[in-house]
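Listed below are the residues making up each chain.
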Amino acid sequence: QQQVKQSPQSLIVQKGGISIINCAYENTAFDYFPWYQQFPGKGPALLIAIRPDVSEKKEGRFTISFNKSAKQFSLHIMDSQPGDSATYFCATPPGSARQLTFGSGTQLTVLP
Amino acid sequence: SAVISQKPSRDICQRGTSLTIQCQVDSQVTMMFWYRQQPGQSLTLIATANQGSEATYESGFVIDKFPISRPNLTFSTLTVSNMSPEDSSIYLCSVAGGLAKNIQYFGAGTRLSVL
């Protein structure tokens, strides 16, 4: 399977701060780069995704930045809130097979 | 997005027994996937289940241990056979295709504990 390297493993941010999570992928063509958010006891939920032909996508407080030359994409959470406390996974779908390869996950804690 | 129902949501089983997990989707989807997520860990793909064909298993997972059925475009089952404590994990169903298009959506998962 394709390797996806995600960092940091854990992140603690004060309320109102910016949370930044990074992912690096190997050399394969993808249709899109998704980020999933998972709360305890729940399945992963799609948070935001970006196509490889754009460099940035913003949805509310969440922004994906994509750097094709560096083979990296990152998630920025602006004005982080305690309700954002969850585990975040980046993922890559290898080619046409559609199954996802997940990063190792980042446990985000936003302090009130 | 697709709405996915997984049953059971959790179970506690004895060593050596088998458990069948059901995954029901509210729309027809092309592809269904089964993942395993061990506590505090990331998700690992077990197999891809396509309607009308044999499931495709990832390295480290075999059909005898994790038989899968996909009788139609809205339903699939995963059986965890001859369970051991090492099988304690969360098992997740995911779908793509159809109304879900190329995005994968996940069920809430089945939390399995094997004693």
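What you see is a predicted model; the values in this text were computed from it and never measured.

**Considerations on the sheet that holds strand β8 (residues 72-77) of chain A**
Residues and elements named next belong to chain A.
Reasoning step 1: An order of β1-β3-β8-β7-β6 is seen for the five strands of this open sheet, with the pairing classed as antiparallel. Looking along the sheet, the strands with just one partner apiece sit at the ends: β1 (4-7) and β6 (56-59). The sheet shows a mean angle of 15° between the axes of neighbouring strands, taken without regard to direction.

**Section: a nonpolar patch on the surface**
Residues and elements named next belong to chain A.
Reasoning step 1: There is a patch of nonpolar side chains on the surface, built from I18, I20 and M78 and spanning about 240 Å² of accessible area.
Reasoning step 2: When you line up the elements, I18 lands in the loop between β2 (10-14) and β3 (19-25).
Reasoning step 3: The partly exposed category is assigned to I18, whose relative accessible area is 47%.

**A short note on the layout of surface pockets**
Reasoning step 1: Roughly 450 Å³ of internal volume is contained in the largest pocket.
Reasoning step 2: Together, 24 residues line the largest pocket, and T87(A), Q107(A), Q37(B), G40(B) and Q41(B) are the ones closest to its centre.
Reasoning step 3: Looking at the lining of the largest pocket, the elements that each hand over two or more residues are β9 (86-92) and β11 (106-111) of chain A.

**Considerations on the interface of chain A and chain B**
Reasoning step 1: Contact residues are listed per partner, giving 18 residues for chain A and 18 residues for chain B.
Reasoning step 2: Of the roughly 1,500 Å² buried between chain A and chain B on both sides combined, carbon and sulfur atoms contribute 56%.
Reasoning step 3: Residue classes in the side of chain A that touches chain B are distributed as eight nonpolar, seven polar and three charged.

**Examining the pattern of salt bridges**
Residue and element names in this part refer to chain A.
Reasoning step 1: Summed over all chains, the structure comprises four salt bridges over all chains.
Reasoning step 2: We note a salt bridge from R61 to D84, for which the minimum N-O separation is 2.8 Å. Taken together, the residues R61 in the loop between β6 and β7 (62-67) and D84 in the loop between β8 and β9 connect sequence positions 23 residues apart.
Reasoning step 3: R61 gets classed as partly exposed once you look at its relative accessible area, which sits at 26%.
Reasoning step 4: The class of D84 is buried, set by a relative accessible area of 5%.

**Quick word on the state of the cysteines**
Residues and elements named next belong to chain A.
Reasoning step 1: Inspection of every chain in the model, using the stated rule, returns two disulfides over all chains.
Reasoning step 2: The disulfide that involves C23 links it to C90, with 1.6 Å between the sulfurs. On the sign convention where negative is left-handed, the bridge of C23 and C90, at about -80° about the S-S bond, is left-handed. Here the residue C23 occupies a position in strand β3, and C90 occupies one in strand β9, the gap between them amounting to 67 residues.

**Looking at the packing of aromatic side chains**
Reasoning step 1: Following the criterion strictly, the structure yields 15 aromatic pairs over all chains and no others.
Reasoning step 2: For the ring pair F33(A) and F66(A), a centre distance of 4.6 Å and an interplane angle of 35° mean the geometry is tilted. Of this pair, F33(A) sits in strand β4 (residues 33-38) while F66(A) sits in strand β7; the two residues are 33 residues apart in sequence, bridging distant segments of the chain.
Reasoning step 3: You can call F33(A) buried: its relative accessible area is 2%.
Reasoning step 4: Considering the side-chain rings of F102(A) and F106(B), the 5.8 Å spacing of their centres and the 70° angle between planes classify their relative orientation as edge-to-face. You can see F102(A) sitting in strand β10 (residues 101-102) and its partner F106(B) sitting in strand β10 (residues 105-106), one on each of two chains.
Reasoning step 5: Exposure remark for F102(A): the relative accessible area of 8% places this residue in the buried category.

So, how was this worked out
- Residues numbered from 1 in each chain as written.
- Chains lettered and ligands numbered in written order.
- Predicted model: local features only at pLDDT ≥ 70, side-chain atom pairs only at ≥ 80, totals over all residues.
- Heavy atoms only, no water.
- Pairing = 2+ DSSP bridges.
- Helix = DSSP H or I, 4+ residues; strand = E, 2+ residues; numbered from the N terminus.
- Axes fitted to C-alpha atoms, helices over the stretch in contact; angles between N-to-C directions.
- Patch = residues over 30% accessible without salt bridge, like charges linked within 9 Å, V, L, I, M, F, W, Y side chains within 5 Å.
- Areas by Shrake-Rupley, 256 points an atom, 1.4 Å probe, with all protein chains shown as cover.
- Salt bridge = Lys/Arg side-chain N within 4 Å of Asp/Glu carboxyl O.
- Buried < 20%, exposed > 50% of the residue type's maximum accessible area, 1.4 Å probe, protein only.
- 1 Å grid on protein atoms, 1.4 Å probe; cavity = no way out; pocket = protein on both sides within 12 Å on 5 of 7 lines; lining within 4 Å.
- Points joined across faces, edges and corners; volume = space filled by probe spheres on them.
- Contact = heavy atoms within 4.5 Å.
- Buried area = accessible area lost by both parts, 1.4 Å probe.
- Nonpolar A, V, L, I, M, F, W, Y, C, P; charged D, E, K, R; others polar.
- Disulfide = S-S within 2.5 Å.
- Phe/Tyr/Trp six-rings, centres within 6.5 Å; stacked < 30°, edge-to-face > 60°.

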